[in-house]
Amino acid sequence: LVYDAQSAAMFREGRRDEAAALIQTALRQFPGDAGLERRAGEIEEQRTHRLRQEQLSGAILTARQMLQSGDLDAALALIRGNLSAFPNNKALLDLERQTQSRIKARDAEALRKLIQSRAAQIENCIANQDWNQTVALLEAFRNEFAGDPLGGVLAAKLASEQRRELSIQRKTQIEALI
């Protein structure tokens, strides 16, 4: 009974490891004591709960730091790994949604930049009247970015420039005949 009261006081003071050690000492002196065994079980349960909470808090802190530093993929992996241990944790679920949203925005921005880069290459070929290269790049663009409306705009620009070039060539040919 004395050990039980002392361990309870230690536990309340935050001296959890000392409380567990005291109960284990008492159990060696009084093996099979139901009260001590119950207390040992409670201490172990509370210790396990505290360790899980520390793990969760550490994971949330680390994930937030990763998000702040822009390491989105690693943050998402950490969050999902911890969701397996804490499946309904609101903070983890919120971080997962936030991270997925940022990854989606990052990927959309990267795609937008890639499309702009490819479009600039095509427009440069049109400006240089390199029709074969323009057609090849435009075909690749339409295959890679099927459904992107910029492909149609570039195709129309190519057609317009080619018609203009043909008109100039025909006009020059006609003028040469006159």
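As the structure is a prediction and not an experimental result, all values here were calculated from the model.

## Thoughts on unusual backbone geometry
And then number 1: Within the chain, Gln129 stands out as a residue other than glycine whose phi angle is a positive 55 degrees.
And then number 2: Counting through the fold element by element, Gln129 comes out in the loop between helix 5 (90–127) and helix 6 (131–144).

## A few points about helix 6
And then number 1: The first and last C-alpha atoms of helix 6 sit 20 Å apart over 14 residues, in line with the 20 Å expected at 1.5 Å per residue.
And then number 2: When helix 6 is considered as a whole, its buried residues turn out to be Trp131, Thr134, Leu138 and Phe141. Projected onto a plane normal to the axis of helix 6, the buried residues spread over an arc of 85 degrees and lie on a single side. Along helix 6, the residues that are exposed and aim more than 90 degrees away from the buried face are Asn132, Glu139 and Asn143.
And then number 3: Buried-residue contacts for helix 6 involve helix 5 and helix 7 (149–177).

## Section: the nonpolar core
And then number 1: Among the nonpolar cores identified, the biggest contains 13 residues, and Leu56, Ile60, Leu67, Ile79, Leu92 and Leu95 are the most heavily contacted of them.
And then number 2: Residue assignment for this core shows that the elements contributing at least two residues are helix 3 (34–69), helix 4 (72–85) and helix 5.
And then number 3: Of the residues forming this core, the biggest block, five residues, is contributed by helix 4.
And then number 4: If near-sequence neighbours (up to four positions away) are discounted, Ile60 is found in contact with Asn89, Ala91, Leu92 and Leu95.

## Observations concerning the side chain of Asn82
And then number 1: As for its placement among the helices and strands, Asn82 is situated in helix 4.
And then number 2: Among the polar contacts made by the side chain of Asn82, one reaches the main-chain carbonyl oxygen of Leu78 at a distance of 3.0 Å.

Analysis parameters
- Residues numbered from 1 in each chain as written.
- Predicted model: local features only at pLDDT ≥ 70, side-chain atom pairs only at ≥ 80, totals over all residues.
- Heavy atoms only, no water.
- Helix = DSSP H or I, 4+ residues; strand = E, 2+ residues; numbered from the N terminus.
- Expected span 1.5 Å × (residues − 1).
- Buried < 20%, exposed > 50% of the residue type's maximum accessible area, 1.4 Å probe, protein only.
- Arc of directions from axis to C-beta.
- Contact = heavy atoms within 4.5 Å.
- Core = buried A, V, L, I, M, F, W, Y, C linked by side-chain atoms within 4.5 Å.
- Polar contact = N/O pair within 3.5 Å; in protein donor to acceptor, adjacent residues only side chain to side chain.

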